[in-house]
Amino acid sequence: MLDLVIRGGTIATASDVFTADIGIRNGRIVQIGEALPPGAEEIDATGRYVLPGGIDSHVHLSQPSGEGIVMADDFESGTRSALFGGNTTVLPFCLPARGQPLREALTAYHALAEGECYTDFSFHLILPEINAAILGQDLPALVADGYTSFKVFMTYEGLRLNDAEIIRTLDVARRTGAIVMVHCENEDAIRYLIGRAEEAGEIAPRFHALTRPIVVEREATHRALSLAEVVDTRIVIVHVSNGPAIDEIRAARARGVNVFGETCPQYLMLTAADLDGMDWEGAKFVCSPPPRDAASQEACWRGLETGVFDLFSSDHCPFRYDDPAGKLHPGSRRGFRHIPNGIPGVETRLPILFSEGVMKGRIDLPRFVALTATNHAEVYGLERKGRIAVGMDADIAIWDPEERRAIRHADLHDGADYSPYEGLEIWGWPTTVVLGGRTMIEDGALVGQKGAGRYRSRSSIQAPLERGLRTAL
Ligand code: URP
Ligand code: ZN
Ligand code: ZN
């Protein structure tokens, strides 16, 4: 007998939309068809969309963020919030302290996460420094153990790598089949602009955006892509915010660079003007790269529509606003440079793209599925995830396309005290979420248990991503 049958819903994959029943046994999808036999549990999905559970491959949870500053979400609250937003897997970052063995840092993150999660999870590894032992021994061993993605930074003092270091890291990825995610902003140019702003007494949150202009992102994006071209390896350009950076990705791909592009809700829905808020309210929107302008928003939409972007992630990096351990920590009034970077959004990522993208006719359902689940699984080697197909993990989100409700932070489940999208009208919400065949959220209510989400080791896939829209570039 089937454990669970999801009956009569409109199923979407990255290539098709069709009506069928889904039969689930032992946590996997075992049948897709019409009039399936009864299951021990049944969900009537008539009139609903049945989509792969979202995979958010860019999430920060419990990450150390400076003295006296505490991230607003740990693995429990962060994954609960992700689940309510229609996600079944998240990929947070592991940030080792300088000098800390990478394996030890990963063990510590496992200890924070195991038994605490409402979604499945896996870790990207941030590399704040490299040396011969890390490159020659530690990383290859970790890749073999299923930690197949690293993030490197071209900005943030104490975190950024120089070009030579990035090349050496890319070379390890080439040899091991891992993938490197790059945060592209030119730190030296930013330092110069921050110095000028501070000399002029320009310290309010809005100067965060003005000292990280498009050109510093465009230049670093070009450089990162060129380094990947030299090494000839896969690369992800994360949290892309504007047209010129998108043009760099498109041009590199045309030259044959194996690049994946990621953008996030903040670059569709916010602008630098949001950092202008009364008093220090603009701090709520301080993230890097910063939100830009209407033309950049439009360019990001075009990038999603035409297939330049493969990944739509949240870059959930939550800090409470009205809190001495958050955006308003004691040092923050000294200037924008001291405000913790990052905004919450793991629960609102999918509803925003569904409402603004699918319901407003900018992208179709298969593209939504590719951008929010399937491509994340393929790029990061989650082999049994991101698709509704026989043999896959039964990770499924059921959406009510008729539910209309504005985003109110009071209704969300993260640990922050605000949403950057407060008041945004959303048309279409996930109402039921199934993780590995277990119903976790039923008609908007949490019914699953903490600890149901489990760690997932990943493969080092080298296959090129199937981009249905690539010819449109
Ligand atoms: O401002 C941001 N995006 N904070 C998170 C860290 C990162 O660079 O992704
Ligand atoms: Zn980043
Ligand atoms: Zn991030």
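Residues numbered from 1 in each chain as written. Chains lettered and ligands numbered in written order. Predicted model: local features only at pLDDT ≥ 70, side-chain atom pairs only at ≥ 80, totals over all residues. Heavy atoms only, no water.

A closer look at the coordination of the zinc ion (ligand 3)
Around the zinc ion (ligand 3), the protein contributes the donor atoms His58 (NE2), His60 (NE2) and Asp315 (OD), which lie 2.0 to 2.1 Å from the metal centre. For the pair the zinc ion (ligand 3) and the zinc ion (ligand 2), the metal-to-metal distance amounts to 4.1 Å. By the burial criterion, His58 is buried, and His60 matches it. (Donors = N, O, S within 2.8 Å, 3.2 Å for Na, K, Ca; no water. Buried < 20%, exposed > 50% of the residue type's maximum accessible area, 1.4 Å probe, protein only.)

What about the layout of surface pockets?
A probe matching the size of a water molecule, rolled over the atoms, marks out where space remains unfilled. The calculated volume of the largest pocket comes to roughly 1,000 Å³. Lining the largest pocket are 46 residues, and of these Ser65, Tyr156, Leu159, Pro340 and Asn341 lie nearest its centre. Listing elements by their share of the lining of the largest pocket, those giving two or more residues are β10 (149-153) and α5 (187-199). Of all the elements, α5 adds the most residues to the lining of the largest pocket, at 4 residues. (1 Å grid on protein atoms, 1.4 Å probe; cavity = no way out; pocket = protein on both sides within 12 Å on 5 of 7 lines; lining within 4 Å. Points joined across faces, edges and corners; volume = space filled by probe spheres on them. Helix = DSSP H or I, 4+ residues; strand = E, 2+ residues; numbered from the N terminus.)

Structural notes on empty space enclosed by the protein
Scanning all chains against the criterion turns up 2 cavities of 30 Å³ or more. By volume, the largest cavity is sized at about 40 Å³. Here the lining of the largest cavity is composed, by residue class, of 3 nonpolar, 5 polar and 2 charged. Residue assignment places the lining of the largest cavity across two domains, with domain 1 (2-51 + 384-446) and domain 2 (53-366) each supplying three or more. (Nonpolar A, V, L, I, M, F, W, Y, C, P; charged D, E, K, R; others polar. Domains from an automatic or database assignment.)

Here's the deal with the site of ligand 1
The full set close to ligand 1 counts 13 residues, and His60, Lys151, His183, Ser288 and Asp315 are the nearest of them. The contact in question runs from an oxygen atom of ligand 1 to an N or O atom on the side chain of Lys151, over 3.0 Å. Contact distances for ligand 1 include 3.4 Å between an oxygen atom and a backbone N or O atom of Gly342. When ligand 1 sits alone it has 260 Å² of accessible area, and the protein chains cover 95% of it. When atoms are counted within 2 Å of each cavity's grid points, the one that captures over half of ligand 1 is the largest pocket. Grouping the constituent residues of the shell around ligand 1 by class yields 4 nonpolar, 7 polar and 2 charged. (Near = heavy atom within 4 Å. Polar contact = N/O pair within 3.5 Å; in protein donor to acceptor, adjacent residues only side chain to side chain. Areas by Shrake-Rupley, 256 points an atom, 1.4 Å probe, with all protein chains shown as cover. Sits in = over half its atoms within 2 Å of the grid points.)

Focus: the confidence of the model for the chain
Averaged over all residues, the pLDDT of the chain equals 97, while 97% of them reach at least 70. Confidence drops under a pLDDT of 50 for residues 469-473, and excluding neighbours within four residues, the segment shows 10 contacts in the predicted structure. (pLDDT = per-residue confidence, 0-100. Contact = heavy atoms within 4.5 Å.)

Considering the pattern of salt bridges
On inspection of all chains with the given rule, the structure shows 36 salt bridges. For the salt bridge of Asp56 with Arg349, the shortest nitrogen-to-oxygen distance reads 3.6 Å. In this pair, Asp56 sits in strand β6 (residues 54-59) while Arg349 sits in helix α11 (residues 349-359), placing the two residues 293 residues apart along the sequence. A salt bridge links Lys385 to Asp395; the shortest N-O distance between them is 2.6 Å. With Lys385 in the loop between α12 (365-380) and β15 (396-406) and Asp395 in the loop between α12 and β15, the pair connects residues that are 10 residues apart, well separated along the chain. Here Lys385 matches Asp395 in class, with each residue buried. Within this structure, Arg28, Asp120, Arg384, Lys385, Asp393, Asp395 and Arg456 form a network of salt bridges that share partners. (Salt bridge = Lys/Arg side-chain N within 4 Å of Asp/Glu carboxyl O.)

Overview of the pairing of β15
Bridge analysis of strand β5 (residues 49-52) against β15 gives 4 bridges, and the strand direction is antiparallel. Bridge pairing links Leu51 to Ala397 in β15. In the sheet, β15 pairs with strand β16 (residues 425-435) via 8 bridges, with the strands oriented antiparallel. Within β16, the residue paired with Asp400 across the bridge is Trp429. (Pairing = 2+ DSSP bridges.)

Points about the coordination of the zinc ion (ligand 2)
For the zinc ion (ligand 2), the full set of protein donor atoms is Lys151 (NZ), His183 (ND1) and His239 (NE2), and the range of their distances to it is 2.1 Å. Counting along the primary sequence, the residues that act as donors to the zinc ion (ligand 2) give the motif K-x31-H-x55-H.

A closer look at the packing of aromatic side chains
Taken as a whole and judged by the stated rule, the model has 12 aromatic pairs. Relative to Tyr156, the ring of Phe153 lies with its centre 5.6 Å away and its plane at 50°, an arrangement referred to as tilted. Here Phe354 and Trp399 contribute two aromatic rings whose centre-to-centre distance is 4.6 Å and whose plane-to-plane angle is 20°, an arrangement assigned as stacked. Remark: Trp399 occurs in strand β15 and Phe354 occurs in helix α11; sequence separation between them is 45 residues. When its relative accessible area of 0% is taken as the criterion, Phe354 is described as buried. One aromatic cluster is present, formed by Phe75, Tyr109, Phe121, Phe123, Tyr147 and Tyr455 through successive ring pairs. One residue, Lys284, lies across the ring of Tyr321, its end atom 5.0 Å from the ring centre. Seen from the ring of Trp429, Arg405 lies directly overhead, with NZ or CZ sitting 4.0 Å from the centre. (Phe/Tyr/Trp six-rings, centres within 6.5 Å; stacked < 30°, edge-to-face > 60°. Lys NZ or Arg CZ within 6 Å of the ring centre and 35° of its normal.)

Considerations on the side chain of Asn87
Structurally, Asn87 is set in strand β7 (residues 87-94). In terms of polar contacts, Asn87 uses its side chain to reach the backbone carbonyl oxygen of Ala82, at 2.8 Å. Of note is the side chain of Asn87, whose polar atom sits 3.3 Å from the backbone oxygen of Val346. Aside from chain neighbours lying at most four places away, what touches Asn87 is Gly54, Ile55, Asp56, Ala82, Thr119, Val346, Arg349, Leu350 and Val433.

Side note on the domain arrangement of the chain
Per the domain assignment, the segments of the chain are domain 1 (2-51 + 384-446) and domain 2 (53-366). The interface is formed by 40 residues belonging to domain 1 together with 43 residues belonging to domain 2. For the pair domain 1 and domain 2, the two sides together bury roughly 3,500 Å², of which 71% comes from carbon and sulfur. It is His413, Tyr418 and Tyr421 in domain 1 that bury the most area against domain 2; as a group they hold 21% of the surface buried on that side. Counting across the domain 1 and domain 2 interface gives 1 salt bridge. On the surface where domain 1 and domain 2 come into contact, there are 11 residue pairs in polar contact (both at pLDDT 80 or more). (Buried area = accessible area lost by both parts, 1.4 Å probe.)

Some remarks on the packing of helix α2 (residues 102-113) against helix α3 (residues 132-144)
Where α2 contacts α3, the two axes come as close as 10 Å, and the packing angle between them is 30°. Across the interface between the two elements, Leu102, Arg103 and Leu106 from α2 touch Ile134, Asp138, Leu139, Ala141 and Leu142 from α3. (Axes fitted to C-alpha atoms, helices over the stretch in contact; angles between N-to-C directions.)

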